[in-house]
Amino acid sequence: MSENIQPPVAKIIPKTLEKHGDVRIDNYYWLNERENPEVIDYLNKENEYYQKMTAHTQTLQKELFDEMKSRIKEDDSSVPYLFNGYYYITRYETGKDYPIYSRKKGSLDAKEEILFDCNELAKGKSYFQLGSLSVSPDNKLALFSTDVVGRRIYTMQVKNLETGKLLSDKIENVSGNGVWANDNKTFFYVTQDKKTLRSDKVFRHQIGTADTKDPLVFEEKDDTFNVGIGKEKSKKYIVIQSGSTLTTEYQILPTDTPNGAFKVFQPRIRGLEYSISHYDDSFYILTNKDKATNFKVMKTPENATTKDNWKDLIPHRKDVLVEDIEIFKDYLVVSERTNGLSKIRIMPWSGKGEYYLPFEIETYTASPTTNLDFDTDILRYSYQSMGTPSSVIDFNMKTKTKEVKKEQEVLGGKFDKNNYTEERLWATATDGTKIPISVIYKKGIKKDGKNPLLLYAYGSYGATMDPYFSSTRLTLLDRGFIYAIAHIRGGEDLGREWYENGKLLKKKNTFTDFIDCSKFVIAEKFTSKEHLYAEGGSAGGLLMGAVVNMAPELYNGVIAQVPFVDVITTMLDDSIPLTTGEYDEWGNPNDKVAYDYMKSYSPYDNVKPQEYPNMYVSTGLHDSQVQYFEPAKWVAKLRATKTGKNVLFLDTNMDAGHGGASGRFEALKELAKEFAFLLDLEGIKK
């Protein structure tokens, strides 16, 4: 890397921010002016600096991209599933970035009917996303939504599947999905607040009418709640869900009476979480009622839905997290988690002969997938491990036999899962808690402290980071890297308490857990400080920001993708998308105790003069979840404050949002940049 190329220097315009008598000076607050040409100029200069400094890795990036692309089966297709008389298939064609959605009537030998070719819809657009696709009960109309910016603001339209023509109905600013009533002419959809992007209103639309006349069915006035719409698997009820981090409320309406009024299932009570599944004449409820921290399953008659009618079906267990349920005519299937591992429990309604699906290793993920059919003995689930490509399996719950419908193909002829070792390790945190780490590496690696190791984690929102297979990860493994996932607190990997102990006023456990996992892999000689790398995105980017402030000396390099790093300023601005709904996760800084605690770890507020690791920071100009200006401000402040000569890059995608580029191969280019950053630091040239 050339030392003669100078990084851009962001202009300093001090802004005084005061709360609870505490004064913060933000020199880079002005970078939040998205329309300001000076802001765009600064982002472009950062991009130019990054490109010049990494010009020597361009060939490597191209090689990495080609290698990762060569493992992907380009003309791939999903396992078909049967719904309402049609087999539905998603497939890709060679050389094309986007999926093609199709169906076949009654049999897989029938003529293919193309519903949507996203390659055609994406022509001339730098970003494209099909948000949802819902076919009417009579199979003649398709309701679909598209986003062409990357801010998750969708436009909803209706296609006549018999003629291929679009109807005149067009609704802007929807949250993505819509639900059909049984009359084939009425559907419900959700709109978003234009400024905060909070989904807050449900409307009813009749085909052929102007959307300006659509009646408002429900408005969520509490700005900490978001709204969604769906339909029960039994097809008997349309459901409105209102949810915040800690509280849920459902409303139901029979699908046959779309003009009727929705009925509240159980009024919201702060701290009561529940979800509902309808079957026969009852609802089955997954809930934390009665202090069921790890959730339990209850049952209630469909005509008596308030909580005083709920009866225990699967009681609460302290050591087992109940994650989800799936209802079939003869079986209840329960997704559970014990000691950090996912389990699938099969419970016949007859009450006889329940069992768990058997899994042999400890670094796997298994979960039910598309199971739209009630009256079947077949459970479809997916299975993968860090060294085993993803499979879709049809399991006969009656005969206990399974059929692998598809295993992800890894092309190129070089992949053999027997060449890799995967294991689960346990690091001890500062407070004595045991933290699981899932690890994969190429067989034969010596634990001599000289191996490069990439440690990944997320650790927020109770999101579980299950061990998973990645064909792109082979690019690192085959070059001697060890890859590890730290299952730190703040996720739900070891149950609900694991989440509770990594949020609000216990958030710092998330950061110290990651640091302790880092120290563990060094102590066990998997790697050393000179060869340890850390990676996290979004709230995992907050983790990266906190960790480099607290223990910068442990890492040679850090990748922070779309990082949430300016915690207090963002959480005090209730006009920013998602903010108010986040109070139960991070705390509400309008409260002084929460403010002081957040300030003590907020990455932006705690940048100090010290040597930081080499860093690659990425963002998207149109990101709706972590606004581009957070990483931009953070990098500007780091540049002005840090000591030493380690590199610092800000790479802004001027076209994309939170998920990065939308095409399947464009996303590989972003990954190639990250891998080239790591390999370059390790001195690996090819």
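Up top you'll find the structure we're talking about.
In this report, the structure presented in the accompanying data block is examined. (Residues numbered from 1 in each chain as written. Predicted model: local features only at pLDDT ≥ 70, side-chain atom pairs only at ≥ 80, totals over all residues. Heavy atoms only, no water.)

1. With respect to the overall build of the protein chain
At step 1: For the protein chain, the count of helices and strands is 12 helices and 37 strands.
At step 2: Across its three principal directions, the C-alpha atoms of the protein chain cover 70 × 55 × 50 Å.
At step 3: When burial is assessed residue by residue, the protein chain has 56% of its 686 residues classed as buried.
At step 4: Considering only contacts in the protein chain between residues 6 or more positions apart, those separated by 24 or more positions represent 56%.
At step 5: On the protein chain, roughly 28600 Å² of surface is accessible, and the fraction owed to carbon and sulfur atoms is 49%.
At step 6: Of the side chains in the protein chain, 92 bear a positive and 99 a negative charge, and the two mean positions are spaced by 1 Å. (Helix = DSSP H or I, 4+ residues; strand = E, 2+ residues; numbered from the N terminus. Buried < 20%, exposed > 50% of the residue type's maximum accessible area, 1.4 Å probe, protein only. Contact = heavy atoms within 4.5 Å. Areas by Shrake-Rupley, 256 points an atom, 1.4 Å probe, with all protein chains shown as cover. Lys, Arg positive; Asp, Glu negative; His and termini not counted. Charge placed at Lys NZ, Arg CZ, Asp CG, Glu CD.)

2. Overview of the pairing of strand S31 (residues 434-442)
At step 1: Of all nine residues in S31, seven are buried, a share of seventy percent or more.
At step 2: Across nine bridges, the pairing between strand S30 (residues 420-428) and S31 is antiparallel. Across the sheet, Arg424 pairs through a bridge with Ser438, a residue of S31.
At step 3: Where S30 folds back onto S31 in an antiparallel hairpin, the turn is made up of five residues, including Gly432, whose phi is positive at roughly 95 degrees. (Pairing = 2+ DSSP bridges.)

3. Digging into the packing of aromatic side chains
What describes a pair of aromatic rings is the distance from one ring centre to the other and the angle between the planes of the rings.
At step 1: For the coordinates displayed, the defined rule picks out 38 aromatic pairs.
At step 2: Considering the side-chain rings of Phe359 and Tyr381, the 6.3 Å spacing of their centres and the 75 degrees angle between planes classify their relative orientation as edge-to-face. One end of the pair, Phe359, is in the loop between strand S25 (355-356) and strand S26 (364-368); the other, Tyr381, is in strand S27 (residues 378-385), with 22 residues separating them in the sequence.
At step 3: Cluster of aromatic residues (ring-pair linked, three or more members): Tyr237, Tyr250, Phe265, Tyr274, Phe283 and Trp310.
At step 4: Positioned above the aromatic ring of Trp30 is the side chain of Lys11, whose terminal nitrogen or guanidinium carbon lies 5.5 Å from the ring centre.
At step 5: Stacked on the ring of Phe328, the Lys or Arg Lys233 has its end atom at 4.2 Å from the ring centre. (Phe/Tyr/Trp six-rings, centres within 6.5 Å; stacked < 30°, edge-to-face > 60°. Lys NZ or Arg CZ within 6 Å of the ring centre and 35° of its normal.)

4. With respect to the pattern of salt bridges
At step 1: On inspection of all chains with the given rule, the structure shows 46 salt bridges.
At step 2: When the shortest N-O distance is used, the salt bridge between Arg24 and Asp605 registers 3.1 Å. Placement of Arg24 in strand S2 (residues 22-26) and of Asp605 in the loop between helix H10 (592-601) and strand S36 (614-620) is noted, with a sequence separation of 581 residues between them. Each member of the pair Arg24 and Asp605 is classed as buried.
At step 3: As a salt-bridge pair, Arg345 and Glu354 come within 2.8 Å of each other at their nearest N and O atoms.
At step 4: With a relative accessible area of 39%, Glu354 lands in the partly exposed category.
At step 5: Linked by salt bridges that have partners in common, Arg91, Glu93, Lys96 and Glu112 make up one network. (Salt bridge = Lys/Arg side-chain N within 4 Å of Asp/Glu carboxyl O.)

5. What about helix H12 (residues 664-682)?
At step 1: With 19 residues, H12 should reach 27 Å at 1.5 Å per residue; the first-to-last C-alpha distance of 28 Å fits that figure.
At step 2: Those residues of H12 not exposed but buried are Arg664, Phe665, Leu668, Ala672, Glu674, Phe675, Ala676, Phe677, Leu678, Leu679 and Glu682. (Expected span 1.5 Å × (residues − 1).)

6. Overview of helix H2 (residues 58-70)
At step 1: The end-to-end C-alpha separation of H2 is 18 Å, in line with the 18 Å expected for 13 residues at 1.5 Å each.
At step 2: Packing partners of the buried residues in H2 comprise helix H1 (37-53), helix H4 (474-477) and H12.

7. Regarding unusual backbone geometry
At step 1: Phi at Lys400 takes a positive value of approximately 60 degrees, unusual for a residue other than glycine.
At step 2: Turning to its location among the elements, Lys400 is positioned in the loop between strand S28 (391-396) and strand S29 (401-407).

8. Considerations on the side chain of Gln157
At step 1: Looking at the element boundaries, Gln157 is found in strand S9 (residues 154-160).
At step 2: We classify Gln157 as buried; its relative accessible area is 14%.
At step 3: Setting aside its immediate chain neighbours within four residues, Gln157 contacts Ala142, Leu143, Phe144, Leu166, Asp169 and Lys170.

9. Quick notes on the packing of H2 against H12
At step 1: Running from amino to carboxyl end, H2 crosses H12 at an angle of 125 degrees, the nearest separation of the two axes being 8 Å. One way to sum up the angle between H2 and H12 is to call them oblique. Of the two elements, H2 crosses H12, and the hand of that crossing is right-handed. Taking contact as the criterion, the partners of Leu60, Gln61, Leu64, Phe65, Met68 and Lys69 in H2 are, on H12, Phe665, Leu668, Lys669, Leu671, Ala672, Lys673, Phe675, Ala676 and Leu679.
At step 2: Grouping the constituent residues of the contact of H2 with H12 by class yields 11 nonpolar, one polar and three charged. (Axes fitted to C-alpha atoms, helices over the stretch in contact; angles between N-to-C directions. Parallel < 35°, antiparallel > 145°, perpendicular 65-115°, else oblique. Left-handed = near helix turned anticlockwise from the far one by under 90°. Nonpolar A, V, L, I, M, F, W, Y, C, P; charged D, E, K, R; others polar.)

10. Section: the sheet that holds strand S32 (residues 453-456)
At step 1: Spatially, S30-S31-S33-S32-S34-S35-S36-S37 is the arrangement adopted by the eight strands of the open sheet, whose pairing is mixed. Unpaired on one side and paired on the other, S30 and strand S37 (648-653) mark the two borders of the sheet. Each strand axis lies, on average, 20 degrees off the axis of its neighbour in the sheet, ignoring direction.

11. What about the nonpolar core?
At step 1: Residues Ile437, Leu455, Phe514, Tyr555 and Trp634 are the most contacted members of the largest nonpolar core, which totals 106 residues.
At step 2: If you tally residues by element for this core, the top one is H12, at eight residues.
At step 3: Residue contacts for Tyr555: discarding those within four places in its chain leaves Phe514, Ile515, Ser518, Lys529, Leu532, Tyr533, Ala534, Val547 and Pro613.
At step 4: Counting residues in each nonpolar core, the second largest holds 16 residues, with Ile344, Leu357, Ala366 and Tyr383 among its members. (Core = buried A, V, L, I, M, F, W, Y, C linked by side-chain atoms within 4.5 Å.)

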